[in-house]
Number of protein chains: 2
Amino acid sequence: MGDRLAIVGGDAAGMSAATNAHRRDAGLEVVAFERGEFTSYSACGIPYYVGGLVGDVDDLVARSPERHRANGIDVRTGTAVVGIDLDRRELALAGGRAEPFDRLVIATGACAVAPPVPGAEATDPARTLDAAARLRRQVEGGGEDAVVVGAGYIGLEMAEALVMRGLHVALVERADEVFPALDADMGARVREAAEGIGIEVHTSTSLEEVLVGDAGQPRGVRTTAGELPARHVILAMGVQPDVELAAAAGLRTGPTGALAVDDRQRCAGADGVWAAGDCVESRHRLLDRPVNVQLGTHANKQGRIAGHNAAGGDLAFPGVIGTAISRLCRREVALTGLTEAQAAEAGFDAYAETIETSARAGYFPGNGPVWVKLVAERGSGRVLGAQIVGAETAAKRIDTLAMAVWTGMAVDELQWVDLGYAPPVSGVLDPVLVAARVAAKRL
Amino acid sequence: MGDRLAIVGGDAAGMSAATNAHRRDAGLEVVAFERGEFTSYSACGIPYYVGGLVGDVDDLVARSPERHRANGIDVRTGTAVVGIDLDRRELALAGGRAEPFDRLVIATGACAVAPPVPGAEATDPARTLDAAARLRRQVEGGGEDAVVVGAGYIGLEMAEALVMRGLHVALVERADEVFPALDADMGARVREAAEGIGIEVHTSTSLEEVLVGDAGQPRGVRTTAGELPARHVILAMGVQPDVELAAAAGLRTGPTGALAVDDRQRCAGADGVWAAGDCVESRHRLLDRPVNVQLGTHANKQGRIAGHNAAGGDLAFPGVIGTAISRLCRREVALTGLTEAQAAEAGFDAYAETIETSARAGYFPGNGPVWVKLVAERGSGRVLGAQIVGAETAAKRIDTLAMAVWTGMAVDELQWVDLGYAPPVSGVLDPVLVAARVAAKRL
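In this report, the structure presented in the accompanying data block is examined. What you see is a predicted model, and the numbers here were worked out from it, not measured in a lab.

Some thoughts on the overall build of chain A
- Counting secondary structure elements, chain A contains 12 helices and 24 strands.
- A compact globule built from 443 residues should have a C-alpha radius of gyration of about 22 Å, and chain A, at 23 Å, falls within 12% of that.
- Projected onto the principal axes, the alpha-carbon positions of chain A cover approximately 65 × 60 × 40 Å.
- Out of the 443 residues belonging to chain A, those deemed buried represent 60%.
- For chain A, long-range pairs separated by at least 24 residues make up 63% of all intrachain contacts whose partners lie at least 6 apart in sequence.
- About 16,100 Å² of surface is accessible on chain A, with carbon and sulfur atoms providing 46% of the total.
- Averaging the positions of the 43 positive and the 58 negative side-chain charges in chain A gives two centres separated by 4 Å.

Remarks on unusual backbone geometry
- One non-glycine residue, Ser 204 of chain A, lies in the positive phi region at around 50°.
- Within the element layout of this structure, Ser 204 of chain A appears in the loop between β11 (200–202) and β12 (207–212).
- The phi dihedral of Asp 288 of chain B falls on the positive side, at around 50°, and the residue is not glycine.
- Its place among the elements puts Asp 288 of chain B in the loop between β18 (282–284) and β19 (289–291).

Side note on the packing of helix α10 (residues 398–407) of chain A against helix α10 (residues 398–407) of chain B
- Between α10 of chain A and α10 of chain B, whose axes approach to 8 Å, the crossing angle comes to 25°. Compared by their axis directions, α10 of chain A and α10 of chain B come out roughly parallel. For α10 of chain A against α10 of chain B, the interelement crossing comes out right-handed. Of the residues in α10 of chain B, those touching α10 of chain A at Asp 399, Thr 400, Met 403, Ala 404 and Thr 407 of chain A are Asp 399, Thr 400, Met 403, Ala 404 and Thr 407 of chain B.
- Looking at the contact of α10 of chain A with α10 of chain B, its residues break down into 4 nonpolar, 4 polar and 2 charged.

Structural notes on the packing of aromatic side chains
- The final tally for this structure, using the stated rule, is 4 aromatic pairs over all chains.
- Centroid distance Tyr 48 of chain A to Phe 364 of chain B: 4.9 Å. Interplanar angle 85°. Geometry classified as edge-to-face. In this pair, Tyr 48 of chain A is assigned in helix α2 (residues 46–51) and Phe 364 of chain B in the loop between β22 (350–358) and β23 (369–377), connecting two distinct chains. Neither Tyr 48 of chain A nor Phe 364 of chain B differs from the other in exposure class; each is buried.
- Aromatic pair Phe 38 of chain B and Tyr 41 of chain B: ring centres 6.5 Å apart, planes at 70°, arrangement edge-to-face.

Some thoughts on the pattern of salt bridges
All names here are of chain A.
- One pass over the structure, following the stated rule, counts 60 salt bridges over all chains.
- Put simply, Arg 4 and Glu 99 hold a salt bridge, and the shortest N to O gap is 2.7 Å. Here Glu 99 lies in strand β6 (residues 98–100) and Arg 4 lies in strand β1 (residues 4–8), a separation of 95 residues in the sequence. Across the pair, Glu 99 and Arg 4 agree in class, each one buried.
- Residue Lys 373 is joined to Asp 183 by a salt bridge in which the shortest nitrogen-to-oxygen separation is 3.0 Å. A residue pair is termed long-range when its members are at least 10 positions apart, and Lys 373 in strand β23 (residues 369–377) and Asp 183 in the loop between β10 (168–172) and α6 (184–196) qualify at 190 residues.

Section: the nonpolar core
- In terms of nonpolar packing, the biggest core is built from 92 residues, with Leu 401 and Leu 414 of chain A together with Leu 401 and Leu 414 of chain B touching the most fellow members.
- Every residue in contact with Leu 401 of chain B, bar those within four places of it in the chain, is listed here: Thr 336, Val 372, Leu 374, Ala 386, Ile 388, Leu 414 and Val 432 of chain B.
- By size, the runner-up hydrophobic cluster in this structure holds 48 residues, among which are Leu 60, Val 61, Ala 151 and Leu 328 of chain B.

Some remarks on the sheet that holds β23 of chain A
Residues and elements named next belong to chain A.
- Reading across the sheet, the 5 strands line up as β20-β21-β24-β23-β22 and stay open at both edges, with antiparallel pairing between neighbours. Both edges of this open sheet fall to β20 (324–328) and β22 (350–358), since each of them pairs with a single strand only. Averaged over all neighbouring strand pairs, the angle between strand axes comes to 10°, with direction disregarded.
- The pairing of β22 with β23 spans 9 bridges and is classified as antiparallel. Bridging across to β23, Ala 350 finds its partner in Glu 377.
- Each of β22 and β23 is contacted by helix α12 (residues 431–442), which is oriented at about 140° to β22, the strand it contacts most.

Here we look at the relation of the copies chain A and chain B
- Least-squares fitting of chain A to chain B yields an RMSD of 0.0 Å, with the superposition described by an axial translation of 0.0 Å and a rotation of 180°. This pairing of chains is accounted for by a two-fold axis. When C-alpha positions in chain A are compared against the rotation axis, the closest is assigned to Thr 400 of chain A, at 2.4 Å.
- A shared binding surface is used by both copies, with 100% of the interface residues of chain A retained as interface residues in chain B.

Quick look at the interface of chain A and chain B
- On the side of chain B, 63 residues touch chain A, which itself brings 63 residues to the contact.
- Across the chain A/chain B interface, buried area totals approximately 5,600 Å², and carbon plus sulfur atoms make up 64% of it.
- If you look at where chain A meets chain B, you find 2 salt bridges.
- One salt bridge connects Lys 396 of chain A with Asp 430 of chain B, and the closest N-O pair in it is separated by 2.6 Å.
- Breaking the side of chain A that touches chain B down by element, the ones donating at least two residues are α8 (296–310), β20, α10, α11 (411–414) and α12 of chain A.
- Residues that form the side of chain A that touches chain B fall into these classes: 32 nonpolar, 14 polar and 17 charged.

Overview of empty space enclosed by the protein
- Under the definition given, this model contains 3 cavities of 30 Å³ or more.
- In this model, the largest cavity occupies a volume close to 180 Å³.
- Together, 15 residues line the largest cavity, and Glu 392, Thr 393 and Lys 396 of chain A together with Thr 393 and Lys 396 of chain B are the ones closest to its centre.
- Grouping the amino acids of the lining of the largest cavity by side-chain chemistry returns 4 nonpolar, 2 polar and 9 charged.
- Approximately 80 Å³ is the volume found for the second largest cavity.
- Surrounding the second largest cavity, Pro 47, Tyr 48, Gly 51, Leu 53, Glu 157, Glu 160, Ala 161, Met 164 and Arg 327 of chain B form its lining.
- Among the elements of the structure, α2 (46–51) and α5 (153–164) of chain B are those that each provide at least two residues to the lining of the second largest cavity.

Examining α10 of chain A
All names here are of chain A.
- Judged by how many residues are buried, α10 sits mostly within the fold: 9 of 10 residues are covered.
- Ile 398, Asp 399, Thr 400, Leu 401, Ala 402, Met 403, Ala 404, Val 405 and Trp 406 are the residues of α10 that are buried.
- Looking one or two residues beyond α10, the residue adopting positive phi is Gly 408, at roughly 75°.

Looking at the sheet that holds strand β15 (residues 232–235) of chain A
Residues and elements named next belong to chain A.
- Ordered in space as β11-β10-β9-β15, the 4 strands form an open sheet in which the pairing is parallel. In the strand order of this sheet, the two ends are held by β11 and β15, each with one partner. Neighbour-to-neighbour, the strand axes of the sheet open up by a mean angle of 15°, direction not taken into account.
- Relative to β10, strand β9 (residues 145–149) runs parallel, the two being bridged by 5 bridges. Among the inter-strand pairings, Val 148 is bridged to a residue of β10, identified as Leu 171.
- The strands that helix α5 (residues 153–164) touches are β9, β10 and β15; relative to β10, the one it contacts most, it runs at about 165°.

Procedures and definitions
Residues numbered from 1 in each chain as written. Chains lettered and ligands numbered in written order. Predicted model: local features only at pLDDT ≥ 70, side-chain atom pairs only at ≥ 80, totals over all residues. Heavy atoms only, no water. Helix = DSSP H or I, 4+ residues; strand = E, 2+ residues; numbered from the N terminus. Rg over C-alpha atoms; globule rule 2.2 N^0.38 Å. Buried < 20%, exposed > 50% of the residue type's maximum accessible area, 1.4 Å probe, protein only. Contact = heavy atoms within 4.5 Å. Areas by Shrake-Rupley, 256 points an atom, 1.4 Å probe, with all protein chains shown as cover. Lys, Arg positive; Asp, Glu negative; His and termini not counted. Charge placed at Lys NZ, Arg CZ, Asp CG, Glu CD. Axes fitted to C-alpha atoms, helices over the stretch in contact; angles between N-to-C directions. Parallel < 35°, antiparallel > 145°, perpendicular 65-115°, else oblique. Left-handed = near helix turned anticlockwise from the far one by under 90°. Nonpolar A, V, L, I, M, F, W, Y, C, P; charged D, E, K, R; others polar. Phe/Tyr/Trp six-rings, centres within 6.5 Å; stacked < 30°, edge-to-face > 60°. Salt bridge = Lys/Arg side-chain N within 4 Å of Asp/Glu carboxyl O. Core = buried A, V, L, I, M, F, W, Y, C linked by side-chain atoms within 4.5 Å. Pairing = 2+ DSSP bridges. Least-squares fit on C-alpha atoms with pLDDT ≥ 70 in both. Buried area = accessible area lost by both parts, 1.4 Å probe. 1 Å grid on protein atoms, 1.4 Å probe; cavity = no way out; pocket = protein on both sides within 12 Å on 5 of 7 lines; lining within 4 Å. Points joined across faces, edges and corners; volume = space filled by probe spheres on them.

What follows is the structure, encoded as structure tokens:
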């Protein structure tokens, strides 16, 4: 008779933990509690579903509860965990029932940041599949006005989705450029793209109030730059780790507000408790400090580690370097490592070079521009970070640069690496090589 | 009054050498001799021009002689060099004139391998823009039969181009699978793609004769598997370094038959002579022996080094790892490092794992399958090579794997690297990570 492993949260991290725990030790009883009705769904796919690129909400579910059950995992959907008692090794469920556990994985994810402005409660953050389906039904007719607040990648993806539905969209961002994860000079390329598909962009503009109509539905926003009336208001002002339950149980959070874990995904100061995904801190390999990043790929990897280790294994998560990628307003956008601003703030003696070239051979159909900004350390030439904005196929090159950042390669080595060339996919020198060459010259 | 640098060959390597020599030392007189009428053209683009994806032959010219001249380089097109006298420092030109030089860069490229079979001389290898334009005019009408001999990347690209023109195409390859640069199990995925667009594939079949009609034009081929009548016969049986001129001048060739150069692109045993591009040997970093690779990206880099060094600089070429990429029959194909067969032959204790996953998120429009084969060293887990076949966007990931091969990264590290994820460009775990994970498990 084996132990019982309970998992709180049935999305990427939780179900990856469940699957890997069961795979390592089939004698372990694995039970996962999910308050919603779906497991393993792609929140990242929601904007594409709202915009209509993805037809059916079920398409976003990578693995249904039934399939998990068929794989030997006891999944309890519609079952909210409301309390964790680490001493009694018990979960309290909504409705009053209790469930025992020997080992525990916490994968409670993240929740939308609710801005402290009047009327915010009248909006619906569309983070769940149910909410996404509601929003899609509301906007399917097109023609109306929408305001999206927050020009991070979710805000930009949602704004594009609504444009695809035929809405007129205003995008409000309090920073002085859209997509503030990039340096502003690269963000300006994303703004061009947003404006190019008809989005009305308001930067350096803060939300002050969501205006609410008589029936309780939003009718626009009041901002530091005036009122923007709109039938639909989408707040995309970031997410925060959902640690309420874990913190109430006495588990430690770190400086980012997310759960503090070691590289085995063990919760600090608690035996037999692991955590993974959007709710935990990860070590940033360049900054050498904890960060909280919400991304499916980390959730998947950390969930695997948490589950594997909870079942007696010993895998370690080597940290993150901030790689992210998106397709925004028909342009591809990616970053890895540190931006120029981050590098300076972190005390690196860094310099940056930006090049413009083409994503495919100049004559090849579908070719378009690509900008690569490289951030390198003065003296050593070590690649500290990179940003890419460009036409289709441009962005996945960020992985090559992520490898350079990960391994600490210098630009004068990078410029000669044997990367692939063929007219449909690159110029004779890949944009990565062109950027490295320019950065190496300056060295 | 500066020295005179002569360059033999006005394509990628030669003009890259000219440009970089002039850039480094504007006092150096740089004169480039090109026997054809074009400079800096993309031979790699020829199949796309024949197939009609590229509209105009001039589109394939990256930089015209006029533009080179405007940049301070004396380009002599239509000027064939027929002899090099290293002692007298003189080039002999067709027609009897001589041209002096102080320093010399040889960039004579490659020429098609003419198979030793009767009738071969009746075919036209379509390596030059003029020949490509002739071929395009001949096939524009569609409807006829064509035979392409050789299923390397040029043969496959040409076969696809002819299918796009509405021809019925038979493809003949003497190896037992198409695209023999790949292991046969991965080549089989390319064959599927070729057959999927209607190409009639004959493997393990050798050319014995090009059948020639009364008017001297080809009328098909005779092979070890019988006759294949066809209005058009394209021989794409590989290219060989064009070293006739250099060898006659006493310059040394290496074991591959290409010119022996050191990592500064200096010709072995000759002072003030550099060589670059398809006509030279490059050091393979894994095999640690010279190889001869014809690829625009190497030509560009080596040309830069040769020109820079000929103008007094000191750049070094760090070698190649065999990265190549192509789009073949609507499937993308790429490789880097060693295949399983090459690794075994080179004496590595290697193993291989192949995974199948999807190029984008499973639900994303345009998604399709991708296969990644990873070759790793037993024990250390070091990535020795990789092969990718798959749907659009699949292949450029080879660069990530090239970085792993280049840096000697092991699969158990690679599986955790922070690579980009977003539904339009990858599943939650990039195919590279999935492959590394599977290979690490086996370790």
